[in-house]
Amino acid sequence: MYILAIHGDTNANISVYKNEQLLFSIAEERLTRIRHKAGYPEKTIAFIFSYLGIGWKDLGAVIYGNRYHIASSILGRKFPTYEHSFLGPAQNARLIYHHLLCKSYFFRNSIGALNKTILGLKLDKRIEFYDHHVSHAYAAYMTSGLPEATVIVIDNFGDGLSSSVFSGNNGYCKFIYGSSALNSPGQFYGEIAQLLGFHPLFAGKVTALAAFGNPQKAYSIAKKIFGLREDRRDFKVIPILSKMLYSGLYRQLMKFNKEDVAAAIQKRFEEILVDYVREAFRTTNCAYLALSGGVFANVKLNQRIKEIKEVKEVFIHPAMDDQGISLGAALAYQAKHNHLRPYRLKDVFFGIDFVKDDIETELKKEGLTYEFYSNIDEQTALLLSKGCIVARFTGRMEYGPRALGNRSILYQTTNPSANLWLNKKLARNDFMPFAPVTLEEEAGTCYRDLEKARYSAKFMTITFDCTERMKTLSPGTVHIDGTARPQLLSKNDDPSFYRLLETYYRLTGIPSLLNTSFNIHGEPIVSSPKDAIKTFKMTDIDYLAIGPFLVRKKES
């Protein structure tokens, strides 16, 4: 009756089905409050079992989203939370291990058998395994709504591969080719992030910083560092030892300022990945694209892929990083056993919900003064129209790395300086752009060339060039390069959030709001009322709209 899918590695997560209905998909970080929490997702499994009133005996199947990640299976919850250097010996040992998985049939089979034995003993259940990249592929294809698609997975590495191409057809993903972890685009981009002083798992900062630089200054070096092999099915990177010692080309690169390095790397990254994608859809003879893997968190790259003339449609899975592995494995299982076919997501609210009484109990416990509103969405819109910052906590938590209204901080888009002072209030880098949520019926007046990726734009996974109207009305959410990463919102997606935004539009004539994740720097997006109240107290946010209650920050 119940099916449990587990990703027990970096950014651990679980997905739970009852028969063919998805009940939950939740990352372990949300409950442990440790960003990118790795290892066996023990806390999330225990919570969901308690919530549903079930145990292991009630599971019809246990699915694992990695076949060869044996270290995490052995270490369980003690598996390190990925804080080591991307340029250090531990990370490079992992690269070599995954390279061997890719190249040696005997090594791969031996590790697979050992992993199956260890997990079988630990979980005491029949386990069905799906490769890391297969899980990514099914996550993208099955939620794309495309009957036929070229499915492309590119990430740091997983089960030996760093990139792979599948042909998606009739509910089945057929593997075509892939490339070794040793030549990983995701690893390369993470190394550059580290060279520039950012944590490798926050490589999106490189993408944002690139808009401030001149790509030509360091481009000749970037071209030597990262490239594509002649068959355009694998990548070229510099040797491990050279990178570890910060020598050679990496040392030359660091002679330039950070903005120019970021710009050069982003330019080269886009060029190479666009060529890789072109080869993929020419091989499959299908220009409908479904994308997943951490590399496709690079929203500017996604825009460049959309702009390929031959591409007919591009879909990026909302949890393109490893938060999507357990769901992808579950979807692969459903496709195999229950003949599931590709469908479109109405929303991605797959997390935990809290009833009114739970919220009120927590507010009382914290000694907060609050007011009840039957029309909380309209009241929130009114506060936003007056220039207030409002944190919104309502309904089920979002799946994936983006806040899409239920765990969001909202503000008006009219203030071009918001990028500076609001990021500082949230202890974030002031060059990081904020994203807008925009009424879908007004999207055509705000963004250019939407049609190839309108569905993806529901989930903040791609940038678009902004119109003059958008630049004029919403400068607080338009990046320096004239692009924005919108969430397009329709009434059917989320009636409550739509009502808020529609009311704001009626009050101001502006169809967009600034929407950023409800968290402070270094912490996951809030999960529970307790998390929301704690974060509200730690910041200078004016109001907390939590369920039907409104809390005002006390004036000092």
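The shown structure was predicted, so the numbers you read here are calculated from the model rather than taken from an experiment.

J.: How do you make sense of the sheet that holds strand β19 (residues 487-489) when you look at a structure like this?
T.: Strand pairing in a sheet is mediated by backbone hydrogen bonds. Such pairs are either parallel or antiparallel. Here we have 8 strands laid out as an open sheet, ordered β13-β22-β21-β14-β15-β20-β16-β19, and mixed in their pairing. Of all the strands in the sheet, just β13 (370-372) and β19 have a single pairing partner and so form its edges. Here the strands of the sheet are splayed against their neighbours by 25° on average, with no regard to which way each runs. In this structure, strand β15 (residues 407-411) lies alongside strand β20 (residues 512-517), joined through 4 bridges in antiparallel fashion. Of the residues in β20, the one forming a bridge with L410 is N515. Against the sheet, helix α15 (residues 356-365) contacts β13, β21 (543-546) and β22 (549-552), and its axis sits at roughly 20° relative to β22.

J.: What is the right way to look at the packing of aromatic side chains in this model?
T.: Think of a pair of aromatic rings as described by two things: how far the centres are apart, and how the planes are tilted against each other in angle. The final tally for this structure, using the stated rule, is 21 aromatic pairs. Ring geometry for Y411 versus W421: centroids 5.2 Å apart, planes at 85°, classification edge-to-face. Taken together, the positions of Y411 in strand β15 and W421 in helix α17 (residues 418-425) put the pair 10 residues apart, joining distant regions of the chain. Since its relative accessible area comes to 27%, W421 is described here as partly exposed. Members of the aromatic cluster, connected to one another through ring pairs, are Y177, F188, Y189, F226, F235, F269 and Y276. The aromatic ring of Y40 is capped on one face by K122, whose charged end is 5.8 Å from the ring centroid.

J.: Would you explain helix α19 (residues 495-508) in this entry?
T.: Because each turn of an α-helix spans 3.6 residues, side chains separated by three or four positions end up pointing in the same direction. For α19, built from 14 residues, the straight-helix expectation of 20 Å at 1.5 Å per residue is met to within 8% by its first-to-last C-alpha distance of 20 Å. When we look at burial in α19, the residues that qualify are F497, Y498, L500, L501, T503 and Y504. Where α19 is buried, its residues meet α16 (376-385), β14 (390-393), β15, β16 (435-439), β19 and β20. G509 lies just past α19 and shows a positive phi near 80°.

J.: Before we go on, may I ask you to explain the nonpolar core in this structure?
T.: The tendency in soluble globular proteins is for nonpolar side chains to be buried side by side. Counting 67 residues, the largest nonpolar core has I192, I305 and Y447 as the members making the most contacts within it. Broken down by element, this core gets its largest block of residues, 13 residues, from helix α12 (residues 258-284). Contacts of I192, omitting those with residues within four sequence positions, involve V206, Y250, L253 and I265. The next biggest cluster of nonpolar side chains, apart from the first, holds 47 residues, and it includes I26, L59, F354 and L363.

J.: Got a minute to help me understand the sheet that holds strand β7 (residues 161-169) in this structure?
T.: Strand order in the open sheet formed by 5 strands is β8-β7-β6-β11-β12, and the pairing between neighbours is mixed. This sheet does not close on itself; its edge strands, each paired only once, are β8 (172-180) and β12 (313-316). Neighbour-to-neighbour, the strand axes of the sheet open up by a mean angle of 20°, direction not taken into account. Bridge analysis of β7 against β8 gives 8 bridges, and the strand direction is antiparallel. Paired with G168 across the bridge in β8 is C173. Relative to strand β6 (residues 148-158), helix α6 (residues 132-142) is tilted by about 140°, and along the sheet it contacts β6, β7, β8, β11 (288-292) and β12. Across the sheet, α12 is in contact with β6, β7, β8 and β11; its angle to β6 comes to roughly 140°.

J.: Whenever I open this one, the packing of α12 against helix α13 (residues 299-306) confuses me. Can you help?
T.: In a packed pair of helices, the relevant descriptors are the angle between the two axes and the axis-to-axis distance. Packing of α12 against α13 brings their axes to within 10 Å, and their N-to-C directions diverge by 45°. By the angle class used here, α12 and α13 are oblique. Judged by the twist between their axes, the crossing of α12 over α13 is right-handed. Contacts from Q266, F269, E270, L273, V274 and V277 in α12 reach K300, L301, R304 and I305 in α13. Split into classes, the residues belonging to the contact of α12 with α13 amount to 6 nonpolar, 1 polar and 3 charged.

J.: Hey, could you run me through unusual backbone geometry in this one?
T.: Residues apart from glycine generally show negative phi values, whereas peptide bonds are mostly found in trans. We note that R232 has phi near 60°; this positive angle belongs to a residue other than glycine. Within the secondary structure, R232 is located in the loop between β9 (227-228) and β10 (235-236). Judged by relative accessible area, which is 26%, R232 ranks as partly exposed. One non-glycine residue, H339, lies in positive phi territory at about 55°.

J.: Which parts of the structure should I look at to understand the environment of V206?
T.: Structurally, V206 can be placed in helix α8 (residues 204-210). A relative accessible area of 0% means that V206 is categorised as buried. Sequence separation between V206 and G8 is 198 residues; the distance between their C-alpha atoms is 28 Å. Ignoring any residue separated from it by four or fewer positions in sequence, one finds V206 in contact with Y189, I192, A193, L196, F198 and A262.

J.: Even after reading the chapter, I still don't get the environment of T414, so can you show me in this structure?
T.: Its location among the elements puts T414 in the loop between β15 and α17. Excluding its chain neighbours within four sequence positions, the residues that come into contact with T414 are L473, P475 and I510.

J.: Looking at this structure, how should I read the pattern of salt bridges?
T.: Charged atoms that come close allow side chains of opposite charge to pair. Per the counting criterion, the structure on display carries 33 salt bridges. Salt-bridge contacts for E128 lead to K336; the nearest nitrogen and oxygen are separated by 3.5 Å. In this pair, E128 is assigned in strand β5 (residues 127-129) and K336 in helix α14 (residues 325-338), connecting sequence segments 208 residues apart. Relative accessible area serves as the criterion here: at 12%, E128 is assigned to the buried category. Connected through shared salt-bridge partners, E440, E451, R454, K458 and D493 make up one network.

Calculation notes
Residues numbered from 1 in each chain as written. Predicted model: local features only at pLDDT ≥ 70, side-chain atom pairs only at ≥ 80, totals over all residues. Heavy atoms only, no water. Pairing = 2+ DSSP bridges. Helix = DSSP H or I, 4+ residues; strand = E, 2+ residues; numbered from the N terminus. Axes fitted to C-alpha atoms, helices over the stretch in contact; angles between N-to-C directions. Contact = heavy atoms within 4.5 Å. Phe/Tyr/Trp six-rings, centres within 6.5 Å; stacked < 30°, edge-to-face > 60°. Buried < 20%, exposed > 50% of the residue type's maximum accessible area, 1.4 Å probe, protein only. Lys NZ or Arg CZ within 6 Å of the ring centre and 35° of its normal. Expected span 1.5 Å × (residues − 1). Core = buried A, V, L, I, M, F, W, Y, C linked by side-chain atoms within 4.5 Å. Parallel < 35°, antiparallel > 145°, perpendicular 65-115°, else oblique. Left-handed = near helix turned anticlockwise from the far one by under 90°. Nonpolar A, V, L, I, M, F, W, Y, C, P; charged D, E, K, R; others polar. Salt bridge = Lys/Arg side-chain N within 4 Å of Asp/Glu carboxyl O.

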